[in-house]
Amino acid sequence: MSLTSLPVSAGGRRTPSPRKRVPGEPRSVAYLYILPALLIYAAFVFFPFVHSIYLSFFEGNGITRMEFVGIDNYVDIVRNPILRSAFVHALELIVFYSFLPIAIGLLLASALHRSRIRGVAFYRTALFLPYVIAPTAIAVIWRWILAPRGPLNSFLEAIGLGFLAQPWLGDFTWALPSVGLVGTWIMFGLVLALLLAGVQKIPTELYEAARLDGAGPWMEFRAVTLPGLRYELVVALVLTVTAALRNFDIIYVMTSGGPGNATVVPSYLVYQQAFKVSQIGAAAAMGTALILVIIAVNLLISRAGRAD
Amino acid sequence: MVSRRDTVLGYLILSLAALVSLGPLIGVAILALGEPGRVGIKLDITKATNFGNFAEVWEKGDFGPAIRTSLIITVIVVVVSVALSIPAGYAFAQMNFPGRTAIFALLVLGILMPLESMIVPLYLDMRRFNLDNEYWSVILPQIGFSVAFGAFWMRAFFVQSARSLMEAAWIDGANSWRTLTQVLLPLARPQMLTLAVLFFVWNWNDFLLPLVMLSGSDLQTAPMALVTFEGARRTDFAYLGAASLITIAPVVIVFILLQRSFTRGILAGSIKE
């Protein structure tokens, strides 16, 4: 970024330093600089995380004695259809939070690579806004839009598609895709702005060269746009996939996992099991399984970003 | 190479995308100013004049105290987290010490860790020390998560800051602390501002942690107040719209004022390394 333009002249005196140590203090002072941040992190993030793994091998309500059950809680996640469906739903939500916004973003960004737009700041503000506002508020707003007599159904009726009108969030088939589309709305602007910034950095000569070689729009996209956007795509994937897997607020407000268990997700089950039915061990196992999935998916993404 | 047709098409596409982003929010603004208490939900912009809805909701939903609680928590978290991220990032970037790589990796892991994975023991521990239902039960974990990203972010800045600048400061007799506070920090202002905006947005919006920690008390944050209000008036959509707008207003204001800082923070992810 702008860091290369630092006023280097201020350091222009080229006196060779007697020892290769900058800044000149014993290095153990580094621990003092790190300590305050590290202590709070260790006490309130890392230690509870380790503690949670420990608890996941027990059964009980966390007040009376906990009973050691080995990996039973994890076996349950695989065997119990409701617990298992939470992870299936989370993976389905990735389609809506991640794949759809990236597909839309790629399409629009590659259509835009030749135009020079003024007023990018305005568009960016608009596109980022859904990502910035509280998910709880987004959930309330979309519960209204998707309500049985809400704007979406009125709109469908107005354009003669009334037969498509649904109680979106109350329908076993439509509840999860509806919640997913809210995720698409939150993410597509962010992804588009990200890809747009990336596409502007691809040298126009590359496109000219591709055209001289007789490349059509599809080849141009495959050979120039896609490789040029690799870093932006990795960032977009990490942000959107993690958001899809961690979805708590939207589910809590919009559906509470319902109808039935049609929209339960791992983070909602962690909350429900720990604070509604007091199954501390099961909740901890769910949380630990969730972080394993998140880390695995992120490793996969960063490997894919480096490979091809 | 830039043809007029392409530019027009560009504006068209972007305007359409912006409209999709803003549409639901504009709709809610009209809704919030509409006639309260009606179940049938037809938007009528000519009747969107009921500014009294906001006063009504502010009163009935206890949004005054909730916004205050949210501000207290968020401001403390932002200030402390930025203050702790700076020296940590500086040490990771510019000093050599045993365990540097391992400690840094441990800290950065926190960026990925979902709160859901530790909320259970966090709550049990807070309760054991009688800290649940206190501001601190929300503030301390939020700082913990924030400094994980903050140290990572500030390190990226200090790694790039000119080494010659630091050497000069050292030759002038400045120790590492003075080099940091008097030479480097003035240059780090944009990075600090970005960090502050990101922390503000994330922690203001946070819902699960305050929900778990504060549910046994009178304290509630703005998102909690919204959800409580929503639970009490499931179909009173004009009021719910107003309550949503009250909840998001502080973040939207901060975001619009400091839009550049925020986008730099998100977009920088694509520039790193």
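None of the values given here were measured: they were computed from a predicted structure.

Chemist: What is the right way to look at the overall build of chain B in this model?
Modeler: Of the regular secondary structure elements, chain B holds 13 helices and zero strands. Along chain B, helices (α) and strands (β) appear in the sequence α-α-α-α-α-α-α-α-α-α-α-α-α when read from the amino end. By the burial criterion, 48% of the 273 residues in chain B qualify as buried.

Chemist: Teacher, can you tell me more about the overall build of chain A here?
Modeler: Along chain A, the regular secondary structure elements total 13 helices and two strands. Against the globule reference of 19 Å for 308 residues, chain A gives a C-alpha radius of gyration of 25 Å, more extended than a compact globule. If one aligns the C-alpha atoms of chain A with their principal axes, the spans along those axes are about 70 × 65 × 35 Å. Taken across its 308 residues, chain A has 46% of its residues classed as buried. Sequence-distant contacts in chain A: of pairs separated by 6 or more residues, those separated by 24 or more amount to 71%.

Chemist: Before we go on, may I ask you to explain unusual backbone geometry in this structure?
Modeler: Most of the time, phi is negative for any residue but glycine, and the peptide bond is trans. A cis amide bond, omega 0°, links G258(A) with the succeeding residue P259(A). Considering the arrangement of structural elements, one finds P259(A) in the loop between helix 11 (249–254) and helix 12 (266–275). One non-glycine residue, D62(B), adopts positive backbone phi at about 55°. Within the fold, D62(B) resides in the loop between helix 2 (52–60) and helix 3 (63–94).

Chemist: Before we go on, may I ask you to explain the confidence of the model for chain B in this structure?
Modeler: If pLDDT is low for a region, its predicted coordinates should not be looked at in detail. Residues and elements named next belong to chain B. Counting all residues, the mean pLDDT for chain B is 87, and 94% of those residues have values of 70 or more. Mean pLDDT values for the elements of chain B range from 75 in helix 13 (residues 259–268) up to 96 in helix 10 (residues 208–214). Two numbers describe this predicted complex: its pTM, 0.89, and its ipTM, 0.91.

Chemist: Before we go on, may I ask you to explain the packing of helix 1 (residues 29–55) of chain A against helix 4 (residues 100–112) of chain B in this structure?
Modeler: Packed helices, taken two at a time, are described by their axes: the angle between them and the distance between them. Between helix 1 of chain A and helix 4 of chain B, the least distance of the axes is 11 Å, while the angle of their chain directions is 50°. The pairing of helix 1 of chain A with helix 4 of chain B is recorded here as oblique in orientation. The two elements helix 1 of chain A and helix 4 of chain B meet at a crossing, and its hand is left-handed. Residues I34(A), L38(A), Y41(A), V45(A) and F46(A) of helix 1 of chain A form the contact with helix 4 of chain B, whose own contacting residues are I103(B), L106(B), L107(B) and G110(B). A breakdown of the residues in the contact of helix 1 of chain A with helix 4 of chain B according to their chemical character gives eight nonpolar, one polar and no charged.

Chemist: What is the right way to read the confidence of the model for chain A from this model?
Modeler: Mean pLDDT over chain A: 86, with 91% of residues reaching 70 or higher. Contacts for the low-pLDDT stretch residues 1–20 of chain A, under 50 throughout, to residues beyond four places or in other chains number 23 contacts.

Chemist: Before we go on, may I ask you to explain the environment of I301(A) in this structure?
Modeler: Structurally, the position occupied by I301(A) is in helix 13 (residues 280–307). Spatially, the C-alpha atoms of I301(A) and V241(A) are 9.6 Å apart, while their sequence positions differ by 60 residues.

Chemist: Please clarify how the nonpolar core should be interpreted in this entry.
Modeler: General note: in soluble globular proteins, nonpolar side chains tend to be found buried as a group. All names here are of chain A. Formed by 184 residues in total, the largest nonpolar core has its most connected members in I138, L192 and L195. No other element matches helix 7 (residues 175–199), which puts 16 residues into this core. Apart from the residues within four sequence positions on either side, L195 is in contact with G105, L106, A109, L229, E232 and A236.

Chemist: Quick question: what am I supposed to make of the environment of L91(A) here?
Modeler: Residue and element names in this part refer to chain A. Note that L91 resides in helix 3 (residues 81–111). The class for L91 is partly exposed, based on 13 C-beta atoms found within 10 Å. When the C-alpha atoms of L91 and V241 are compared, they prove to be 9.0 Å apart, with 150 residues separating the residues in sequence.

Chemist: For this particular structure, what's the right way to read helix 9 (residues 189–205) of chain B?
Modeler: Structural remark: α-helix, 3.6 residues per turn; residues separated by three or four positions point the same way. Along its 17 residues, helix 9 of chain B runs 24 Å from first to last C-alpha, staying within 8% of the 24 Å computed at 1.5 Å per residue. Taken residue by residue, helix 9 of chain B has Q191(B), T194(B), L195(B), V197(B), L198(B), F199(B), F200(B), V201(B), N203(B), W204(B) and N205(B) as its buried positions.

Calculation rules
- Residues numbered from 1 in each chain as written.
- Chains lettered and ligands numbered in written order.
- Predicted model: local features only at pLDDT ≥ 70, side-chain atom pairs only at ≥ 80, totals over all residues.
- Helix = DSSP H or I, 4+ residues; strand = E, 2+ residues; numbered from the N terminus.
- Buried ≥ 20, exposed ≤ 12 C-beta atoms within 10 Å, placed from the backbone.
- Rg over C-alpha atoms; globule rule 2.2 N^0.38 Å.
- Contact = placed C-beta atoms within 7 Å.
- pLDDT = per-residue confidence, 0-100.
- Axes fitted to C-alpha atoms, helices over the stretch in contact; angles between N-to-C directions.
- Parallel < 35°, antiparallel > 145°, perpendicular 65-115°, else oblique.
- Left-handed = near helix turned anticlockwise from the far one by under 90°.
- Nonpolar A, V, L, I, M, F, W, Y, C, P; charged D, E, K, R; others polar.
- Core = buried A, V, L, I, M, F, W, Y, C linked by C-beta atoms within 7 Å.
- Expected span 1.5 Å × (residues − 1).

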